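Residue-level listing of the chains:
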Amino acid sequence: MSTQPVRQAPSGAFEYMTTKKDEFVGWARKFSLFPYPFVTACCAMEFMSVSSTLYDTDRFGAALPRFTPRQSDLLMVVGTVTHKQAPILKKVYEQMCEPKWVIAFGVCATSGGFYQNYAALPGIDKIIPVDLYIPGCPPRPEMVIDGIMKLQDRIARDRHPIINEKF
Amino acid sequence: MSARAPDTLPNPIRPAFTEGSREGSVIVNIGPSHPATHGTIQIVAELSGERVVRTDVHCGYLHRGFEKECESHTWHNLIPYVDRLNYCSALINDFAYCEAVEKLMGIEITPRARYLRTLLAEYSRIADHLTCIAAALMELGAMTGFLYLVTIRDYIYEHLADLTGARVTYSYGRIGGLAKDLPEGWLKRLGEILDEMETFTGRVHGLVDRNRIFIDRMRDVGVISTADAVNWGFTGPLLRSTGVPRDLRKDTPYLAYAELDFEVPVGIKGDNYDRYYVRMREIDESAHMIRQLMEMLPTGPLCVDDRRCTFPEKSLVYTEIESLINHFKLVMDGPQVPPGEVYSAHEGANGELGFYIVSVGGGVPWKVHCRSPSFVHMGGVHRMLDGYQLADIVPTFGSVNMIGGECDR
Amino acid sequence: MSEALFEPIREHLAEVTLEAVVAHGALALLVEPAQVLEVVRSLKDSFGFDMFLDVTAVDWPERQPRFDVVWHFYSTQHFVRVRVKARVPLADPTVDTLVPLYGSAGYMERECHDMYGIVFRGNDDLRPILLYEGFEGHPLRKDYPKQKEQPLVPYLDAKP
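The rules behind these values
Residues numbered from 1 in each chain as written. Chains lettered and ligands numbered in written order. Predicted model: local features only at pLDDT ≥ 70, side-chain atom pairs only at ≥ 80, totals over all residues. Helix = DSSP H or I, 4+ residues; strand = E, 2+ residues; numbered from the N terminus. Buried ≥ 20, exposed ≤ 12 C-beta atoms within 10 Å, placed from the backbone. Domains from an automatic or database assignment. Contact = placed C-beta atoms within 7 Å. Nonpolar A, V, L, I, M, F, W, Y, C, P; charged D, E, K, R; others polar. Core = buried A, V, L, I, M, F, W, Y, C linked by C-beta atoms within 7 Å. Axes fitted to C-alpha atoms, helices over the stretch in contact; angles between N-to-C directions. pLDDT = per-residue confidence, 0-100. Pairing = 2+ DSSP bridges.

Quick notes on the overall build of chain A
In terms of helices and strands, chain A carries five helices and four strands. Secondary structure elements of chain A occur, N-terminal to C-terminal, as α-β-α-β-α-β-α-β-α. Projected onto its principal axes, the C-alpha positions of chain A cover 55 × 40 × 25 Å. Here chain A, with 167 residues, has 46% of them falling under the buried criterion.

Right, here's the structure in full:
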């Protein structure tokens, strides 16, 4: 860097606009999540239940699955990921565009569950970064909805740089 | 995260063919993270236009080491692993495994446990068929059918949660009986759910049975003959859709099936439509069986009074030293099963679900092997996919009802 | 009823079976590995065991020969089951394949090979089916430690 003095803090008006922009973009992003259901095992049953009429993630804007990672922003890893499946998961994660969030749905995705052996990956956070862990074997639909709401709160509070890293 | 070229990730499989066998054909990879292949099957297909020339089906993406885990847990502790084999109808797995161990131990369960196991096995079968048909309809675009059937399945899950404590994977079977008895009002609610289910399946019949689009996509698609089906090891609704009434509940009756009055629905041609219809009829037959069992359910003890496997009453555990030691031994060492081997099969929702267990005495098994119908069906599914169109893979696969946990164990 | 069917089988195969036991409703035959194909062919052709259920193996590390390869068959006409067992050593765990007789043998032999290392002579497609390319060893053998993982994707928190 040059020998110029440290920049002054941004003026109040710029900060106000950034905060408001972040709130607006955060609100828009949190209520229009497009999940990619990376479904493998028993948690799929609860995923189907939570997407259906009695529990309904559509009320939270998180119901419309895009079955291609190119068009989705929420990767829900539902069920056990084995070592054989790990390259697939990594590839799918890398094909998603920013901003993206990852939910580890169920204990098998969180930590391997009770499959501590040669075959199961001991948690998907070994290979991809995870934003939210929903424990349970399988978790009740209410827990899933609670988890999605927590993720939405976090998205709302986050910074959302849309033009460059300052704004 | 830095960007990285995707071909630095290793390929976990070796496909059977990498070049087309004829001019102009294309090799396409379907799955494994694909909604129509239920997330764990990879199909490498050679296509000539829209027509599938040959397929190479790869499973194993959900291999979780069930057998290896079983060798280091006691006979009771591995019941949760057994549950997660066919997770759509978890109770059937529990009871099939418990019966295999009971055969080795020479235990005969009480009449109440026998009838209750039969009732719950049929209830689980209904849940599995509802899931299969709901998923198949959703993949064809009939979202309403999916929502109707999953609503009923959710009532079943809540109802079973009242009994067992869990919605999907119950761990309710015990060697020598069941975990706990029915709560108050459970049977009444069961009757209500069955009535409501009949309304909903009636609606699905109305929406789909004579629907031109459904018939075009399912009739004469994925046809398999009886000889082929037997050669490739098909059992369950897949074999019955070809026209032969092979059902272990009728052919080699176990539990209380010999005393029940039910039919075995069969199909005509062995195509997808027949498989859908056989499953819908089986749901009706299971409901009929449950209603008979509700009348026939005897009173009496639930678990057999055998200290080798049944936990003593908690009040006795806290007051008598023998019961305390018995409880301690059962928990720490597991029920002691005499040396021997047995193969015991039940009619699962997908076909013959068999357990081959080898014991060397002691509380930990030497080997627990599950003969799963889905795995064998994956070996033969290419007979139903080759020669049809690419879009036919979706309904055919949906009608096979491959359950990943059962297929890959 | 099943006893009535098992007697003719035991008599017919008496020269090639080392042991025949009826337990829990099924007939269990112990044969030499070289005789397996003949025994299964006669079970299928003469006695109507048209459905091949399963092939698996049992590992007895303290015993010579080490592995028991176990086949199960079912007759869709007579509703009985038969178990055929053969003992193979670790040095040469080879038996004949049943793929010419039953289509379902393909996948099941692949699984048995994956898990135990049993080689099925005549089956040239013994690619890994439940495990993946690059996995070394046969996990269901008793000397494979349960927790020994062979990850395909390096962990994010792996120490370099």
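Observations concerning the domain arrangement of chain B
All names here are of chain B. Under the domain assignment used here, chain B contains domain 1 (6-58) and domain 2 (76-408). Spacing between the C-alpha centres of domain 1 and domain 2 amounts to 31 Å. Taken residue by residue, the interface counts 17 residues in domain 1 and 16 residues in domain 2. Secondary-structure elements contributing two or more residues to the side of domain 1 that touches domain 2 are β2 (42-48) and β3 (51-58). Residues belonging to the side of domain 1 that touches domain 2 are distributed by class as follows: nine nonpolar, five polar and three charged.

Quick look at the interface of chain B and chain A
Where the parts come together, the accessible area they lose is often given as the size of the interface. Across the contact, 32 residues belong to chain B and 32 residues belong to chain A. Contributing elements (two or more residues each) for the side of chain B that touches chain A: α1 (66-70), α5 (143-164) and α17 (404-408) of chain B. For the side of chain B that touches chain A, the element with the most residues is α5 of chain B, which contributes five residues. Residues that form the side of chain B that touches chain A fall into these classes: 15 nonpolar, ten polar and seven charged.

Concerning the nonpolar core
Of all hydrophobic cores here, the largest spans 210 residues; its most connected members are Val 77, Leu 89, Ile 103 and Phe 105 of chain A together with Val 101 of chain B. The biggest single contributor to this core is helix α4 (residues 111-140) of chain B, with 18 residues. The contacts of Val 77 of chain A, once residues within four sequence positions are left out, are Phe 38, Leu 89, Val 102, Ile 103, Ala 104, Phe 105, Ala 109 and Ile 124 of chain A.

Re unusual backbone geometry
Each neighbour pair has its own omega, and for Glu 98 of chain A with Pro 99 of chain A the value is -10°, a cis peptide bond. Residue placement: Pro 99 of chain A occurs in the loop between α3 (86-95) and β3 (101-105). Residue Cys 137 of chain A is joined to Pro 138 of chain A through a cis peptide bond whose omega torsion reads -15°. With respect to the element layout, Pro 138 of chain A can be found in the loop between β4 (132-134) and α5 (141-157). Not every positive phi belongs to a glycine, and Leu 255 of chain B is a case in point at roughly 45°. Note on placement: Leu 255 of chain B falls in the loop between α10 (248-251) and α11 (272-296).

Concerning the packing of helix α3 (residues 90-105) of chain B against α4 of chain B
All names here are of chain B. The contact between α3 and α4 brings their axes to 7 Å, and the two run at 140°. On the side of α3, the interface is formed by Ala 90, Leu 91, Ile 92 and Phe 95, while α4 contributes Arg 117, Leu 120, Ala 121, Ser 124 and Arg 125. Residue composition of the contact of α3 with α4, by class: six nonpolar, one polar and two charged.

A word on the confidence of the model for chain B
On average, residues of chain B score 91 in pLDDT, and 98% of them are at 70 or above. For this predicted complex, the interface confidence reaches an ipTM of 0.92, while the overall pTM sits at 0.92.

A short note on the interface of chain C and chain B
Taken together, the contact pairs 33 residues of chain C with 37 residues of chain B. Looking at side-chain class alone, the side of chain C that touches chain B contains 17 nonpolar, eight polar and eight charged residues.

Overview of the sheet that holds strand β8 (residues 367-371) of chain B
Residues and elements named next belong to chain B. If you walk across this open sheet you meet the three strands as β6-β7-β8, and the pairing is antiparallel. Bordering the open sheet on either side are β6 (340-347) and β8, each of which pairs with just one other strand. Pairwise comparison of adjacent strand axes, ignoring direction, gives a mean angle of 15° for this sheet. The pairing of strand β7 (residues 352-359) with β8 spans five bridges and is antiparallel. Within the sheet, the bridge partner assigned to Val 358 lies in β8 and is Lys 367. Sheet strands touched by α3: β6 and β7. Its angle to β6, the strand with the most contacts, is close to 150°.

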